[in-house]
Amino acid sequence: MELDMAAEELKSVLNRLRRAQGQIAGIIRMIEEGRDCEDVITQLAAVSRALDRAGFAIIATGLQHCMAEGGQVDGDRDRMRARLEKLFLSLA
């Protein structure tokens, strides 16, 4: 399955990933500075949610793409559904 997303959807996912990247850099600094464990864990949870949301957005786009291709053969549709389900569950 190719990552074939509309420009606006892709921009949103990339922005989310860039924010997560910045959060990870901040977490590294927090650990290096010996910051409070609760603060570090709070930030780790936030970046984990951001990454999950980016992944779900990509999967949702894949689902939308599959639904738009109504002319697929049943076997192809079933295989795509199984692949998307596996991807979805990998984030759960």
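Residues numbered from 1 in each chain as written. Predicted model: local features only at pLDDT ≥ 70, side-chain atom pairs only at ≥ 80, totals over all residues. Heavy atoms only, no water.

J.: Outline the overall build of the protein, supporting the account with residue identities and numerical values.
T.: On a plain count of helices and strands, the protein comes out with three helices and zero strands. Sequence-ordered secondary structure for the protein, helices as α and strands as β, is α-α-α. Surface accessibility of the protein: about 6,800 Å² in total, with carbon and sulfur atoms responsible for 57%. (Helix = DSSP H or I, 4+ residues; strand = E, 2+ residues; numbered from the N terminus. Areas by Shrake-Rupley, 256 points an atom, 1.4 Å probe, with all protein chains shown as cover.)

J.: For the nonpolar core, give the residues involved together with the corresponding values.
T.: Membership of the largest hydrophobic core is limited to six residues, which are Ala-20, Ile-27, Met-30, Val-40, Val-47 and Ala-50. Listed by contribution, the elements that provide at least two residues to this core are α1 (7-32) and α2 (37-68). Setting aside chain neighbours within four positions, we find Ile-27 in contact with Val-40, Gln-43, Leu-44 and Val-47. (Core = buried A, V, L, I, M, F, W, Y, C linked by side-chain atoms within 4.5 Å. Buried < 20%, exposed > 50% of the residue type's maximum accessible area, 1.4 Å probe, protein only. Contact = heavy atoms within 4.5 Å.)

J.: Describe the environment of Gly-22, listing the residues and the values that go with them.
T.: Secondary-structure assignment places Gly-22 in helix α1. Judged by relative accessible area, which is 40%, Gly-22 ranks as partly exposed.

J.: Please provide a residue-by-residue account of a nonpolar patch on the surface, values included.
T.: Residues Leu-10, Leu-14, Leu-17, Ile-24, Ile-28 and Leu-51 make up a contiguous nonpolar surface patch of about 440 Å² in total accessible area. If you tally residues by element for the nonpolar patch, the top one is α1, at five residues. (Patch = residues over 30% accessible without salt bridge, like charges linked within 9 Å, V, L, I, M, F, W, Y side chains within 5 Å. Salt bridge = Lys/Arg side-chain N within 4 Å of Asp/Glu carboxyl O.)

J.: Tell me about α1, and name the residues and values.
T.: In this model α1 runs 37 Å from its N-terminal to its C-terminal C-alpha over 26 residues, within 8% of the 38 Å that 1.5 Å per residue would give. Among the residues of α1, those classed as buried are Val-13, Ala-20, Gly-26, Ile-27 and Met-30. Directly beyond the C-terminal end of α1, a positive phi value near 75 degrees is found at Gly-34. (Expected span 1.5 Å × (residues − 1).)

J.: Explain the environment of Phe-88 residue by residue, including any values.
T.: With respect to the secondary-structure elements, Phe-88 resides in helix α3 (residues 74-91). Exposure remark for Phe-88: the relative accessible area of 42% places this residue in the partly exposed category. A sequence separation of 36 residues divides Phe-88 from Asp-52, and the C-alpha atoms of the two residues are 9.9 Å apart. If we skip the residues at most four places from it in the chain, Phe-88 touches Phe-56 and Ile-59.

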